[in-house]
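Coordinates in review
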Amino acid sequence: MKRKSLQIFILTVGVFGILNTEMGFIGILPDIATNFGVSVSTAGWLVSIFAIGVAISAPTMPLLFSGINRKKVMILVLSVFVVGNIISIFTSNFTVLLIARIIPALFHPVYVSLAFSAAADSVSKEEAPKAVSKIFIGVSAGMVAGVPIVSFIASVSNLQIAMAFFAVVNIIVLIATLLFVPSMPVKEKISYGTQLNVLKKSVTWLSIIIVILLNSAVFGVYSYLADYLQNVTNISPNITSLMLFIFGAANIIGNIFAGRLLTINPIKTIVSLPFLLGVVYIIQFFMGQLTIPMIFIILLWGILAGIAANINQYVVTSAAPEAPDFANGLFLSSANIGTTIGTSVGGLFISAMGTQYVILVGLLSVILSLVFIFLRNNMYSSK
């Protein structure tokens, strides 16, 4: 039992390292722009190109590596990230830095999807959501904690030391994987044809649409939260940073709750989330100008966002249990597409109506997600 707990812990830290490499650059974009002599918008490509790489490779790369010993694949991916991190530290050429970002991005979905699958396989089927929720703590920490940590390191030292943080985390996980993660050979190799057959099932596509809509509901609003807090709630940048930290901490709490809720009653949990998220957005629409209510709104919203991330992974993998690695790849791709659509539509609402109305993308997305959730539930109940 202790060995399995250690394995899940290493996977969680590994996912943190992978997500931290992706998102941590957000906190040092101004430093990169200055250091490489490019504009901040050009430096922003270091984040955008990584996300594009993940979205493109998520459906295919986990599928290609699905028949290989999981430990060997994890060591390969972590090694690619370490090399990319080291090149990023020492290069003075912006094009080389871009290449050092895009190559690891292609391998990102391989490690994350394997981490989900390995965590689920390490426990009984009933306990799988709890194990997966622990991996999501790494996802949330990588997305939220990595940005302020790297930004702080850059502010008290320099850009190279800040980027070295990415390498250090991934090197530690690589060593821990080599020493403590047992060999995980594929017991029964699933043919590519069998895995691709899950795309013929209506429930798979309904699940993908649900993930796109729920991620759009969360990130279509969250992407503009800093702007919302400063222009609608009218709070200072320092308090805005604190609010963003509260959202991130609440996200981790939501991951813990989700593991328990999906273990006890997955259907009720999935159906309830859009209703609760919709209520939070309605309250935010009418009370978003008030600082104290916004603290509680962000706390509750962060918890629901953490639960939503777990639900997204659960609906896709439960729709395609015969191809777990491929299903996790589909989940990652769908989540990135949802984030992109939500952020784009949110930007349109802001341009046309003002920052306050970015809430509408969240409300529209949760309403549409309910339609597809009920269709998916009816499909299961009819069987």
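Residues numbered from 1 in each chain as written. Predicted model: local features only at pLDDT ≥ 70, side-chain atom pairs only at ≥ 80, totals over all residues. Heavy atoms only, no water.

Brief notes about the environment of Ser140
Mapped onto the elements of the fold, Ser140 is located in helix 8 (residues 128-144). Ser140 sits 169 residues away from Ala309 along the chain, and the two C-alpha atoms are 9.2 Å apart. Every residue in contact with Ser140, bar those within four places of it in the chain, is listed here: Ala145, Asn251, Ile252 and Asn255. (Helix = DSSP H or I, 4+ residues; strand = E, 2+ residues; numbered from the N terminus. Contact = heavy atoms within 4.5 Å.)

Comments concerning the pattern of salt bridges
Taken as a whole and judged by the stated rule, the model has four salt bridges. In this structure, the salt-bridge partner of Asp121 is Arg70, at a minimum N-O distance of 2.8 Å. One end of the pair, Asp121, is in helix 7 (residues 94-121); the other, Arg70, is in helix 6 (residues 70-90), and 51 residues separate them in sequence. Assessed through its relative accessible area of 51%, Asp121 is described here as exposed. Residue class for Arg70 comes out buried when judged on its relative accessible area of 13%. (Salt bridge = Lys/Arg side-chain N within 4 Å of Asp/Glu carboxyl O. Buried < 20%, exposed > 50% of the residue type's maximum accessible area, 1.4 Å probe, protein only.)

Considerations on a nonpolar patch on the surface
A contiguous nonpolar patch, built from Leu6, Phe9, Ile86, Phe90, Ile171, Ile175, Leu178, Leu179 and Phe180 and spanning about 900 Å² of accessible area, is present on the exposed surface. Only helix 1 (2-23), helix 6 and helix 10 (159-180) provide two or more residues apiece to the nonpolar patch. Among the elements that make up the nonpolar patch, the one with the highest residue count is helix 10 (five residues). Within the secondary structure layout, Leu179 lies in helix 10. (Patch = residues over 30% accessible without salt bridge, like charges linked within 9 Å, V, L, I, M, F, W, Y side chains within 5 Å. Areas by Shrake-Rupley, 256 points an atom, 1.4 Å probe, with all protein chains shown as cover.)

A few points about the nonpolar core
A general feature of soluble globular proteins is that nonpolar side chains tend to end up buried together. Of all hydrophobic cores here, the largest spans 96 residues; its most connected members are Tyr111 and Trp301. Here the element with the most residues in this core is helix 16 (residues 291-319); it accounts for 13 residues. Apart from the residues within four sequence positions on either side, Trp301 is in contact with Val218, Val221, Tyr222, Leu225, Phe247, Leu277, Val280, Tyr281 and Gln284. One finds Phe94, Ala162, Phe165 and Phe166 within the second-largest nonpolar core, a separate group that totals 25 residues. (Core = buried A, V, L, I, M, F, W, Y, C linked by side-chain atoms within 4.5 Å.)

Focus: the environment of Ala320
Structurally, the position occupied by Ala320 is in the loop between helix 16 and helix 17 (324-353). For Ala320, a relative accessible area of 1% puts it in the buried group. Apart from residues no more than four positions distant in its own chain, Ala320 is found in contact with Val198, Lys201 and Ala327.

What to know about the side chain of Ser133
In this structure, Ser133 sits in helix 8. According to the relative accessible area criterion, Ser133 is buried, its value standing at 5%. For Ser133, the side chain forms a polar contact with the main-chain oxygen of Lys130, separated by 2.6 Å. Among residues more than four places away in sequence, those in contact with Ser133 are Asn255, Gly259 and Asn310. (Polar contact = N/O pair within 3.5 Å; in protein donor to acceptor, adjacent residues only side chain to side chain.)

Observations regarding the packing of aromatic side chains
Ring pairs (aromatic) are described by centroid distance and by the angle formed between their planes. Applying the stated criterion to the full structure yields 13 aromatic pairs. Centre to centre, the rings of Phe25 and Phe166 are 5.3 Å apart; their planes meet at 15°, and the pair counts as stacked. With Phe25 in the loop between helix 1 and helix 2 (29-36) and Phe166 in helix 10, the pair connects residues that are 141 residues apart, well separated along the chain. Assessed through its relative accessible area of 1%, Phe25 is described here as buried. Since its relative accessible area comes to 1%, Phe166 is described here as buried. Seen in terms of ring centroids, Phe136 and Phe331 are 6.0 Å apart; in terms of plane orientation they differ by 70°. Their pairing is edge-to-face. Taken as a pair, Phe136 in helix 8 and Phe331 in helix 17 lie far apart in primary sequence, 195 residues in all. Here Phe136 falls in the buried class, since its relative accessible area comes to 3%. Through a chain of ring-to-ring contacts, the aromatic side chains of Phe219, Tyr222, Phe247, Tyr281 and Trp301 assemble into a single cluster. (Phe/Tyr/Trp six-rings, centres within 6.5 Å; stacked < 30°, edge-to-face > 60°.)

Focus: helix 15 (residues 266-287)
Taking 1.5 Å of rise per residue, the 22 residues of helix 15 would be expected to cover 32 Å, and the 31 Å separating its terminal C-alpha atoms lies within 8% of that figure. Turning to helix 15, its buried residues are Pro266, Thr269, Ile270, Val271, Leu273, Pro274, Leu277, Gly278, Val280, Tyr281, Gln284 and Phe285. (Expected span 1.5 Å × (residues − 1).)

Things to note about the packing of helix 8 against helix 9 (residues 146-156)
Helix packing for two helices is described by the angle between their axes and how far apart those axes are. Axis separation between helix 8 and helix 9 bottoms out at 4 Å; the angle between their running directions is 40°. Comparing the axis directions of helix 8 and helix 9 gives the class oblique. From helix 8, Ala141, Gly142, Met143 and Val144 reach across to helix 9, where they touch Gly146, Val147 and Pro148. A per-class count over the contact of helix 8 with helix 9 returns five nonpolar, two polar and no charged. (Axes fitted to C-alpha atoms, helices over the stretch in contact; angles between N-to-C directions. Parallel < 35°, antiparallel > 145°, perpendicular 65-115°, else oblique. Nonpolar A, V, L, I, M, F, W, Y, C, P; charged D, E, K, R; others polar.)

A short note on the packing of helix 16 against helix 17
At a minimum axis distance of 9 Å, the contact between helix 16 and helix 17 shows a crossing angle of 135°. With respect to helix 17, the element helix 16 is oriented oblique. Along this stretch, helix 16 crosses helix 17, giving a crossing that reads as right-handed. Between helix 16, through Ala309, Asn312, Gln313, Val316 and Thr317, and helix 17, the contact on the second element is made entirely by Ala327, Asn328, Leu330 and Phe331. For the contact of helix 16 with helix 17, the residue count by class is five nonpolar, four polar and no charged. (Left-handed = near helix turned anticlockwise from the far one by under 90°.)

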